[in-house]
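Geometric and topological summary
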Amino acid sequence: MSLANIDGALISFFRKISGPLARVALFVVFFWFGILKVIGLSPAGIVIANLFQEIFLFMDFKTFYICFGLFECLIGVLFLIVEK
């Protein structure tokens, strides 16, 4: 095998797996940070509290925080199941 053939095979392989691998990576990030919010261990609590104070005045913060985390989890799952 020549170097050009190996290079072509590698490029073809990575083109096939790059899309699904990127979707799995985005799922992991969104789902992980969403679950951390749902169980109350997210380090972004202060940022979300500031967002809540500026925008949402009609609901309880704890409810908003859990819904926000569940919404992030939903986004992560959608990255897995929805394709283009």
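Residues numbered from 1 in each chain as written. Predicted model: local features only at pLDDT ≥ 70, side-chain atom pairs only at ≥ 80, totals over all residues. Heavy atoms only, no water.

**Points about the overall build of the chain**
Of regular secondary structure, the chain possesses three helices and zero strands. Element order for the chain, N to C, with α for helix and β for strand: α-α-α. Counting only C-alpha atoms, the chain reaches 65 × 25 × 20 Å along its principal axes. Burial statistics for the chain: of 84 residues in total, 15% are counted as buried. Long-range pairs, those at least 24 residues apart, make up 65% of the contacts in the chain between residues at least 6 apart in sequence. By element, 75% of the accessible surface of the chain is carried by carbon and sulfur atoms, the whole surface being about 6400 Å². In the chain, 6 side chains carry a positive charge and 5 a negative one; their mean positions are 10 Å apart. (Helix = DSSP H or I, 4+ residues; strand = E, 2+ residues; numbered from the N terminus. Buried < 20%, exposed > 50% of the residue type's maximum accessible area, 1.4 Å probe, protein only. Contact = heavy atoms within 4.5 Å. Areas by Shrake-Rupley, 256 points an atom, 1.4 Å probe, with all protein chains shown as cover. Lys, Arg positive; Asp, Glu negative; His and termini not counted. Charge placed at Lys NZ, Arg CZ, Asp CG, Glu CD.)

**Let's talk about the side chain of S42**
Among the structural elements, S42 can be located in the loop between α1 (3-39) and α2 (45-55). Judged by relative accessible area, S42 falls into the buried class, the value being 11%. Here A44 takes part through its backbone nitrogen, which lies 3.1 Å from a polar atom of the side chain of S42. For S42, the contacting residues outside a window of four places in its chain are L36, K37 and Y65. (Polar contact = N/O pair within 3.5 Å; in protein donor to acceptor, adjacent residues only side chain to side chain.)

**Looking at the pattern of salt bridges**
Taken as a whole, this structure holds two salt bridges when the rule is applied. Measuring nitrogen to oxygen at the nearest pair gives 3.7 Å for the salt bridge that ties E83 to R23. Of this pair, E83 sits in the segment after α3 (61-81) while R23 sits in helix α1; the two residues are 60 residues apart in sequence, bridging distant segments of the chain. The exposure class of E83 is exposed, given its relative accessible area of 62%. (Salt bridge = Lys/Arg side-chain N within 4 Å of Asp/Glu carboxyl O.)

**As for the packing of aromatic side chains**
Taken as a whole, this structure holds seven aromatic pairs when the rule is applied. Both rings, one in F30 and one in F79, keep their centres 5.6 Å apart while their planes meet at 40°; by these two values the pair is tilted. Within this pair, whereas F30 is found in helix α1, its partner F79 is found in helix α3, the two being separated by 49 residues in sequence. Seen from their ring centres, F52 and F64 are 5.3 Å apart, and the 35° between their planes marks the pair as tilted. Of the two residues, F52 sits in helix α2 while F64 sits in helix α3, which places them twelve residues apart along the sequence. Judged on exposure class, the residue F52 and its partner F64 are both buried. An aromatic cluster of three or more residues is present, and its members are F52, F61, F64, Y65 and F68. (Phe/Tyr/Trp six-rings, centres within 6.5 Å; stacked < 30°, edge-to-face > 60°.)

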